[in-house]
Amino acid sequence: MENETNKNRNNQPPTKKTFWGGYIVAGLIWTIAQSFNKSIIDEFIIVVITIGAGFFYYRLKSKIKFKNEVAKIIIAFVILEIVSGLLIGFLTSLANNWEAVAVRTPLGTEIATRNRDLLTQLNQNQKTYLADFQVRWDTAQNNVDDKTDSKVGYANNITAYKALQKLNDERQDKVVQYFNQASPILAKYSQNLVDVFLQLIKSDEKAKDVYNEIFTAKISYYQALIDNRPEAEISAKAEIVNNAVDKVNAVTQEGAQAQANYQKVSNEVFGR
């Protein structure tokens, strides 16, 4: 008779007080999950797991064989928080890296082919841009005459260096855009490849900054010549130019090393 009474008690619908426990569990899981960066898919997974945790709270609590109500509540809370955290971590990781997982399945050939074709197209677009860029860069450089001794020549040099500075910024923007498009594809093959690629982009940005420093110093120098500034001031500006030029060798070496590292890892991942 007592067993029948306990059975009936366990089968009774949850009271309003019990439901509050489910709300609290769901609220805690939702609150903790908000601290992570999430995509739309991640948000959906979190919502489903949060609702599920709140729903299963009563069922789980009723299965715990403790007479102490507080102990049952704590145990149910801890279990649901741990399980929910593991599920959110696993499912969001799976959702965000499904291609990396699928590439090891029969779908892998199709995915790998699609990724390869997309990467090939991005590479070709970048090569086409850089070829056109080089023509415009050479034209701007040819307009510079550092041996000129006329104000007209100084003005032409200022115009040429401003054009080079603009081209320098444009090229860096295109390189970053290329990285943002290519890195998600590369990440499906090797995170290390993405890391060395990022280092290559950073070294390229340093080179851009150094060359812009040179161009700015050159513009200031020629402007001083046009304005007939005192000889001491012109000499000081010439020294600034020389100091900026001295930095080129260091960033060139760093860029060469970054390029070598990227090529090495790329060969390891894709083969020569």
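All values derive from a computational prediction rather than experimental measurement.

1. Some remarks on helix 8 (residues 191-226)
Helical geometry note: an α-helix holds 3.6 residues per turn, so side chains three or four residues apart project in the same direction. Its 36 residues give helix 8 an end-to-end C-alpha distance of 52 Å, which sits within 8% of 52 Å, the value for a rise of 1.5 Å per residue. Within two residues after helix 8, Asn228 carries a phi angle of roughly 55 degrees, on the positive side.

2. Comments concerning unusual backbone geometry
Look at Asn228: it is not a glycine, yet its phi comes out positive at around 55 degrees. By secondary structure assignment, the location of Asn228 is in the loop between helix 8 and helix 9 (231-246). We classify Asn228 as exposed; its relative accessible area is 57%.

3. Brief notes about the nonpolar core
In this structure, Trp137, Tyr161, Leu164, Ile214, Phe215 and Tyr222 are the most contacted members of the largest nonpolar core, which totals 23 residues. Elements represented by at least two residues in this core include exactly helix 6 (108-142), helix 7 (151-187), helix 8, helix 9 and helix 10 (248-270). Per element, the largest residue contribution to this core is eight residues, and it comes from helix 8. If near-sequence neighbours (up to four positions away) are discounted, Tyr222 is found in contact with Asp145, Asp146, Tyr154, Asn157, Ile158 and Tyr161. Counting residues in each nonpolar core, the second largest holds 17 residues, with Leu193, Val196, Phe197 and Tyr262 among its members.

4. Things to note about the pattern of salt bridges
Following the criterion strictly, the structure yields eight salt bridges and no others. The salt bridge partner of Lys218 is Asp146, with a shortest N-O separation of 3.4 Å. Taken as a pair, Lys218 in helix 8 and Asp146 in the loop between helix 6 and helix 7 lie far apart in primary sequence, 72 residues in all. According to the relative accessible area criterion, Lys218 is buried, its value standing at 15%.

5. Description of helix 7
The end-to-end C-alpha separation of helix 7 is 53 Å, in line with the 54 Å expected for 37 residues at 1.5 Å each. Along helix 7, the helix axis deviates most sharply at Gln181, where the bend reaches about 30 degrees; the proline Pro184 sits within four residues downstream.

6. Some thoughts on the side chain of Asn212
One can find Asn212 in helix 8. Exposure remark for Asn212: the relative accessible area of 11% places this residue in the buried category. Within the structure, Asn212 has its side chain in polar contact with the side chain of Asp169 (distance 2.8 Å). When sequence neighbours within four positions are dropped, the list of residues in contact with Asn212 reads Gln165, Asn168 and Asp169.

The rules behind each value
- Residues numbered from 1 in each chain as written.
- Predicted model: local features only at pLDDT ≥ 70, side-chain atom pairs only at ≥ 80, totals over all residues.
- Heavy atoms only, no water.
- Helix = DSSP H or I, 4+ residues; strand = E, 2+ residues; numbered from the N terminus.
- Expected span 1.5 Å × (residues − 1).
- Buried < 20%, exposed > 50% of the residue type's maximum accessible area, 1.4 Å probe, protein only.
- Core = buried A, V, L, I, M, F, W, Y, C linked by side-chain atoms within 4.5 Å.
- Contact = heavy atoms within 4.5 Å.
- Salt bridge = Lys/Arg side-chain N within 4 Å of Asp/Glu carboxyl O.
- Bend = angle between axes of the 7 residues up to and from the residue.
- Polar contact = N/O pair within 3.5 Å; in protein donor to acceptor, adjacent residues only side chain to side chain.

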